[in-house]
Amino acid sequence: MLLAVFLILISGSGIVTAAEISVQPGGSIQIAVNNATSGDEIIVKPGTYTENVVINTDSLVVRSESGDPENTIIKARSSGAHALSVQADNVRISGFKITGTKTSYAGIQLSGCNNCIIENNKLSNNGYGIYLLSSRRSTVSNNIVTNNGDYGIVLASSTSSTLSGNTASNNNGRGVHLGTSDGNTLSGNTIASNGISGLYVCPRSDNNLVFNNYLVNIVNAEIKNGTGNSYSTEKTAGENIIGEPYLGGNFWGKPDGSGFSETAPDADGDGIADIAYSFENSIYADSLPLVSITGKTIEEPSPVLPVANLEANLTNGPAPLSVRFTDLSENAVEREWDFDNDEKTDSIDKSTVYIYATPGTYTSKLTVSNDNGTDLKTATITVTEKNENNFGDSGTGSNEIVGNETVGAGIGSDGTGESEVVDTGPEDGEVIDDGPGNNEASDSVSEEGAGSDDSESISGGSSRSSSSSSGGAGGSPEPAKNVEAKEISQVFIEKGKEVKFDFIKNATCVVSVGFDAKKTAGKTITIVEVLKGKSALVSELPSDEVYESFNVWVGNSGFASSENIENSVIYFKVEKAWMQENRIESSAIALN
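Presented here is a report on the structure given in the accompanying data block. (Residues numbered from 1 in each chain as written. Predicted model: local features only at pLDDT ≥ 70, side-chain atom pairs only at ≥ 80, totals over all residues. Heavy atoms only, no water.)

**Thoughts on the overall build of the protein chain**
Across its full length, the protein chain holds four helices and 49 strands. Within the span of the protein chain, comprising 592 residues, buried residues form 47% of the whole. A separation of at least 24 residues holds for 57% of the contacts in the protein chain among residues at least 6 apart in sequence. As displayed, the protein chain offers around 26900 Å² of accessible surface, 47% of which is attributable to carbon and sulfur atoms. (Helix = DSSP H or I, 4+ residues; strand = E, 2+ residues; numbered from the N terminus. Buried < 20%, exposed > 50% of the residue type's maximum accessible area, 1.4 Å probe, protein only. Contact = heavy atoms within 4.5 Å. Areas by Shrake-Rupley, 256 points an atom, 1.4 Å probe, with all protein chains shown as cover.)

Okay, structure coming up:
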């Protein structure tokens, strides 16, 4: 009977194979975690992942594919939660840059965990960098924990853990904080330039071993006693953290070079001070403090600074001059373009087109930044007087205006019912929008110039879908030989605001173009082209009498779309003499 039971167990057993789960840019680490089982390895491709990740499955590995924290970034979507929270055992986190939490929330938090490994990560601009809460036997190694709002590495009610090879520097509070935490070992860490102190040990933290660490802070240690703690190990042959031949205690320096380890005597030249280093207001001392016998000290790694660089496809030409700018910077996380040096941000895109409407010399400016600083690069753009024969043609074929709306002014309707003009009297200029596909606008009669009544100004609501074009040398794909006249207008587009482009030179039949902005676009150009005949962009003209055909080009790169604008209106004028000659009522005029 025993043998039979044994055989049944064997036949029912199976082999479970751990899986590798890949996370691509644009994907979600959290979804991968949710789909994983114990023993799986989640490998994250380089990219930025904006989310807060919670791990509650045991025995997972979550690591970056490259192993380089600089190119695999977890940015907290909510600053009021830990960016990466671990609530499981035997979890390893490796190779990420983690950022974006606020006070009391950490880049990585272990809560109630056992035997977890946190290694080779970079944590900056969080409340805490790494936070161990009620966790045991954790390993925290070779992490860079810098520029956090409060503490770098925090242990709270956590025991038997090892902190080694970490850099905790330039944190606003403490570099390393031990609170009610016992039996932990700290060795080989660089703890420097922290705001309050380098190391804090609370009076309820016992039996901790702290040795071979490099501390250079204005206040290096706040040691509040506890029981059984030690701040050095036995003197042992072996290279220590400052490159000298013996292990013992720690290096205690000051930013100005006046620290204990920088001034203490070492008569026998073994790299161990001749006297102990006693902590202020504490029963403890480091009995074997390190000193340098070669004058060699550890320097903090040089911060990686951004290097600004830009490319402009044109630097001179006639107005309106369309210039494509491209950011070629290194080590940059964020960018701001100011194309005309008015101290206002015109764009944050990596590559963008800006149109200079007015002749002059402009200084375009690119400012880039990362966690460690900013850098600036400028370019000079010279805009000459407009070439009347070729609107904005620089001779290179590189000018672009992309994103447009093409509208022809004609008589009657094209049969769609999309546009109607309603006569409500000469004093009524109200635009009525009753939803997409059925925009209506009122007829407003006004005099053209002082004492003249030769034209009527009519507002037309346009609900046609936008198309996009790569543009041509003159700013649009319309053949130059078919363009009779052009006029441009430039305004600043701000989300949630009503926008109006006025055409005051009366070069075309269009008086103004208006809409409500759903997105901020900064300074933007709108161009109107009056055509000699049918536009090359439409297949045929309406069957009714046509007054004029014209193109309207709004902004860059498909801006004039339903995602960016709404309630669009075009105000145009029609000569009364033409209306009288053709016996046409104003109520019959429509945009097609």
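**Observations concerning the side chain of Ser232**
One can find Ser232 in the loop between β25 (221–223) and β26 (236–237). When its relative accessible area of 11% is taken as the criterion, Ser232 is described as buried. Sequence-distant contacts of Ser232, defined by excluding residues within four places in its chain, comprise Leu209, Val210, Phe211, Gly248, Gly249, Asp286, Ser287 and Leu288.

**What about the side chain of Lys97?**
As for its placement among the helices and strands, Lys97 is situated in strand β9 (residues 97–99). According to the relative accessible area criterion, Lys97 is buried, its value standing at 8%. Those residues in contact with Lys97 that sit more than four places away from it in its chain are Pro69, Glu70, Thr72, Ile73, Ile74, Lys122, Ser124 and Asp371.

**A short note on unusual backbone geometry**
The amide bond that connects Ala319 to the next residue, Pro320, takes the cis arrangement and shows omega of -10°. Mapped onto the fold, Pro320 is located in the loop between β32 (316–318) and β33 (321–327). A positive phi angle, close to 50°, is found at Ser134, a residue other than glycine. Assignment of secondary structure puts Ser134 in the loop between β13 (128–133) and β14 (139–141). On the accessibility criterion, Ser134 (42% relative accessible area) is partly exposed. Look at Asn225: it is not a glycine, yet its phi comes out positive at around 75°. With respect to the helices, strands and loops of the structure, Asn225 is situated in the loop between β25 and β26.

**Things to note about the pairing of strand β37 (residues 373–384)**
Bridging between β32 and β37 involves three bridges; their strand directions are parallel. Residue pairing in the sheet places Gly317 in a bridge with Val383 of β37. Pairing geometry for strand β36 (residues 360–370) and β37, over eleven bridges, is antiparallel. Note on β37: the bridge partner recorded for Tyr362 is Ile381. The hairpin turn running from β36 into β37, its antiparallel successor, is two residues long. (Pairing = 2+ DSSP bridges.)

**Section: the sheet that holds strand β34 (residues 334–338)**
With respect to topology, four strands assemble into an open sheet ordered β32-β37-β36-β34, the strand pairing being mixed. Two strands close off the open sheet at either side, each with one partner strand: β32 and β34. Across the sheet, the mean angle separating the axes of adjacent strands is 25° when strand polarity is ignored. As defined by bridge partners, β34 adjoins β36 across five bridges and the pair is classed as antiparallel. Of the residues in β36, the one forming a bridge with Glu336 is Thr367. (Axes fitted to C-alpha atoms, helices over the stretch in contact; angles between N-to-C directions.)

**A look at the pattern of salt bridges**
In the structure shown here, the tally under the stated rule is twelve salt bridges. As a salt-bridge pair, Arg63 and Glu41 come within 2.5 Å of each other at their nearest N and O atoms. One end of the pair, Arg63, is in strand β5 (residues 61–64); the other, Glu41, is in strand β2 (residues 41–44), and 22 residues separate them in sequence. Using a relative accessible area of 18% as the deciding quantity, one classes Glu41 as buried. The salt bridge partner of Glu494 is Lys497, with a shortest N-O separation of 3.6 Å. Its relative accessible area of 37% is what places Glu494 among the partly exposed residues. Overall, the relative accessible area of 43% leaves Lys497 in the partly exposed class. (Salt bridge = Lys/Arg side-chain N within 4 Å of Asp/Glu carboxyl O.)

**Let's talk about the nonpolar core**
Grouped burial of nonpolar side chains is what soluble globular proteins tend to show. Judged by nonpolar contacts, the single largest core of 55 residues is most densely connected at Ile55 and Ile93. Sorting elements by how many residues they give to this core places helix α2 (residues 29–34) first, with three residues. The residues touching Ile55, leaving out its near neighbours within four places in the chain, are Val33, Leu60, Val62, Leu84, Ser85, Val86, Gln87, Ala88, Val91 and Ile93. Phe503, Val528, Phe572 and Trp578 belong to the second largest nonpolar core, which has 26 residues in total. (Core = buried A, V, L, I, M, F, W, Y, C linked by side-chain atoms within 4.5 Å.)

**Considering the packing of aromatic side chains**
Evaluation of the coordinates by the stated rule reveals 16 aromatic pairs. Ring centres of Tyr231 and Phe279 lie 5.0 Å apart, and the angle between their planes is 75°; on these two criteria the pair is classed as edge-to-face. Of this pair, Tyr231 sits in the loop between β25 and β26 while Phe279 sits in the loop between β29 (277–278) and β30 (285–286), placing them 48 residues apart in sequence. Take Phe279: its relative accessible area is 6%, and that puts it in the buried class. On the numbers, 4.9 Å between centres and 35° between planes, the contact of Phe260 with Tyr277 is tilted. Here Tyr277 lies in strand β29 and Phe260 lies in helix α3 (residues 260–263), a separation of 17 residues in the sequence. An aromatic cluster of at least three residues, connected via ring pairs, comprises Tyr231, Trp252, Phe260, Tyr277, Phe279 and Tyr284. In this structure, Arg174 packs its charged tip against the face of Tyr200, placed 4.0 Å from the ring centre. (Phe/Tyr/Trp six-rings, centres within 6.5 Å; stacked < 30°, edge-to-face > 60°. Lys NZ or Arg CZ within 6 Å of the ring centre and 35° of its normal.)

**Thoughts on the environment of Glu51**
Turning to its location among the elements, Glu51 is positioned in the loop between β3 (47–50) and β4 (53–55). Between the alpha carbons of Glu51 and Ala76 there is a distance of 5.1 Å; along the sequence they are 25 residues apart. If we skip the residues at most four places from it in the chain, Glu51 touches Gly27, Ser28, Ile29, Gln30, Ile74, Lys75, Ala76, Arg77 and Ala83. At a separation of 3.2 Å, a polar atom in the side chain of Glu51 contacts the main-chain amide nitrogen of Gln30. (Polar contact = N/O pair within 3.5 Å; in protein donor to acceptor, adjacent residues only side chain to side chain.)

**Side note on the sheet that holds strand β20 (residues 185–187)**
Spatial strand order, β1-β2-β5-β8-β11-β14-β17-β20-β23: nine strands in an open sheet with parallel pairing. Of all strands in the sheet, those with a lone pairing partner are β1 (20–23) and β23 (209–211), marking the two edges. Averaged over all pairs of adjacent strands, the angle between their axes in this sheet comes to 10°, without regard to strand direction. Direction of pairing for strand β17 (residues 162–164) relative to β20: parallel, over a ladder of three bridges. By the bridge assignment, Ser164 is partnered in β20 with Ser187.

**Observations concerning the environment of Ser28**
Positionally, Ser28 belongs in the loop between β1 and α2. Residue classification places Ser28 among the partly exposed residues on the basis of a relative accessible area of 21%. Taking C-alpha positions, Ser28 is 9.4 Å from Val44, a pair spaced 16 residues apart along the chain. At a separation of 3.0 Å, a polar atom in the side chain of Ser28 contacts the side chain of Glu51.

It is worth stressing that arrangement in space is one thing and function is another; only the former is reported here.
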